[in-house]
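So you can see what is in the structure, the chains are spelled out below.
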Amino acid sequence: MRIGHGYDVHRLVGERKLILGGVEIPHSLGLLGHSDADVLLHAICDALLGAMAAGDIGQHFPDSDPQFKGISSLNLLKRVVELADDAGWQVGNLDTTLIAQQPKLAPHLPQMVANIARCCKVASAQINVKATTTEQLGFEGRQEGISAHAVVILIAKEHNERKVVAQL
């Protein structure tokens, strides 16, 4: 079993779509970034990569690489899950928190969970997405940006568990 933590933050700006958990959310502001700037999926990617001791999202998908310009972060997450799968790991459970003063995110959380579960190849019951505000404190409270935290437990895939037990 491996545990990983991820964190990401992006600035809110005009003339960008707000994409969180692969869901386009109606809002006057969107997140600035090289990709679609989905802070939730970026935090999840970093948590997965951290659990595998495989660096971070910037190493795997650098913002200097034009192939990632405007890319859906759902595609980035799928690639990270493939890395985990190739290394013999699968998601045991994933817990995340979005921090944003506005817009209200609760109506969109079930679709985020469904998107993440599909990318991670697990049941929705293994994924949790929460949203909170900062009571108007800090950059999130001033609506300058949105941040996200993610914690993941990776478990060895069944065939990999047999190899580990055999080595002991």
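**Topic: the overall build of the chain**
Next up, step 1: Within the chain, the secondary structure is distributed over six helices and seven strands.
Next up, step 2: Scanning the chain from its N terminus toward the C terminus, one meets helices and strands in the order β-β-β-β-α-α-α-β-α-β-α-β-α.
Next up, step 3: In terms of overall dimensions, the chain is globule-like: its C-alpha atoms have a radius of gyration of 16 Å, near the 15 Å expected for 168 residues.
Next up, step 4: Projecting the C-alpha coordinates of the chain onto the three principal axes gives extents of approximately 55 × 35 × 25 Å.
Next up, step 5: Here the analysis covers contacts within the chain between residues at least 6 apart in sequence; of these, 71% occur between residues at least 24 apart.
Next up, step 6: Accessible surface, the chain: about 8,500 Å² in total, of which carbon and sulfur atoms supply 52%.
Next up, step 7: Between the centroid of the 15 positive side chains of the chain and the centroid of its 18 negative side chains there is a distance of 3 Å.

**Describing helix α1 (residues 39–51)**
Next up, step 1: A rise of 1.5 Å per residue sets the reference length of α1, with its 13 residues, at 18 Å; its end C-alpha atoms lie 18 Å apart and thus fit the reference within 8%.
Next up, step 2: Turning to α1, its buried residues are Val-39, Leu-40, Leu-41, His-42, Ala-43, Ile-44, Cys-45, Asp-46, Ala-47, Leu-48, Leu-49 and Ala-51.
Next up, step 3: Phi for Ala-53, located one or two positions after α1, is positive at around 55 degrees.

**Comments concerning the pairing of strand β1 (residues 2–13)**
Next up, step 1: Sheet topology places β1 next to strand β7 (residues 145–156); ten bridges connect them, and they run antiparallel. Each bridged residue has a counterpart across the sheet, and for Tyr-7 the counterpart in β7 is His-149.

**Quick look at the state of the cysteines**
Next up, step 1: Taken as a whole, this structure holds zero disulfides when the rule is applied.
Next up, step 2: The closest cysteine sulfur to the non-disulfide-bonded Cys-120 is located on Cys-119, 6.6 Å from its own sulfur.

**Section: the packing of helix α3 (residues 73–86) against helix α4 (residues 109–120)**
Next up, step 1: The N-to-C vectors of α3 and α4 enclose an angle of 35 degrees; their axes lie 8 Å apart at closest approach. The segment α3 lies against α4, with Leu-74, Leu-77, Lys-78 and Val-81 engaging Asn-115, Ile-116, Cys-119 and Cys-120.
Next up, step 2: When its residues are assigned to classes, the contact of α3 with α4 shows six nonpolar, one polar and one charged.

**Side note on the pairing of strand β5 (residues 89–99)**
Next up, step 1: Most of β5 sits out of view: eight of its eleven residues are buried.
Next up, step 2: The sheet contact formed by β5 and β7 spans ten bridges and is antiparallel. Bridged to Thr-96 within β7 is Ala-150.
Next up, step 3: As paired elements, β5 and strand β6 (residues 127–132) share six bridges and run parallel to each other. Along β6, the bridge assignment pairs Leu-94 with Ile-127.
Next up, step 4: Taken together, β5, α4 and β6 constitute a β-α-β crossover, and its handedness is right-handed.

**Things to note about the packing of aromatic side chains**
Given two aromatic rings, one states the distance between the centres and the angle between the planes to describe the pair.
Next up, step 1: Under the criterion given, the structure shown has one aromatic pair.
Next up, step 2: A ring pair is formed by Phe-61 and Phe-68, whose centres lie 5.3 Å apart and whose planes are at 85 degrees; its orientation type is edge-to-face. The same class applies to Phe-61 and to Phe-68, which are both buried.

Here is what the cut-offs are and how they apply
- Residues numbered from 1 in each chain as written.
- Predicted model: local features only at pLDDT ≥ 70, side-chain atom pairs only at ≥ 80, totals over all residues.
- Heavy atoms only, no water.
- Helix = DSSP H or I, 4+ residues; strand = E, 2+ residues; numbered from the N terminus.
- Rg over C-alpha atoms; globule rule 2.2 N^0.38 Å.
- Contact = heavy atoms within 4.5 Å.
- Areas by Shrake-Rupley, 256 points an atom, 1.4 Å probe, with all protein chains shown as cover.
- Lys, Arg positive; Asp, Glu negative; His and termini not counted.
- Charge placed at Lys NZ, Arg CZ, Asp CG, Glu CD.
- Expected span 1.5 Å × (residues − 1).
- Buried < 20%, exposed > 50% of the residue type's maximum accessible area, 1.4 Å probe, protein only.
- Pairing = 2+ DSSP bridges.
- Disulfide = S-S within 2.5 Å.
- Axes fitted to C-alpha atoms, helices over the stretch in contact; angles between N-to-C directions.
- Nonpolar A, V, L, I, M, F, W, Y, C, P; charged D, E, K, R; others polar.
- Right-handed = clockwise from strand over helix to strand, strands pointing away.
- Phe/Tyr/Trp six-rings, centres within 6.5 Å; stacked < 30°, edge-to-face > 60°.

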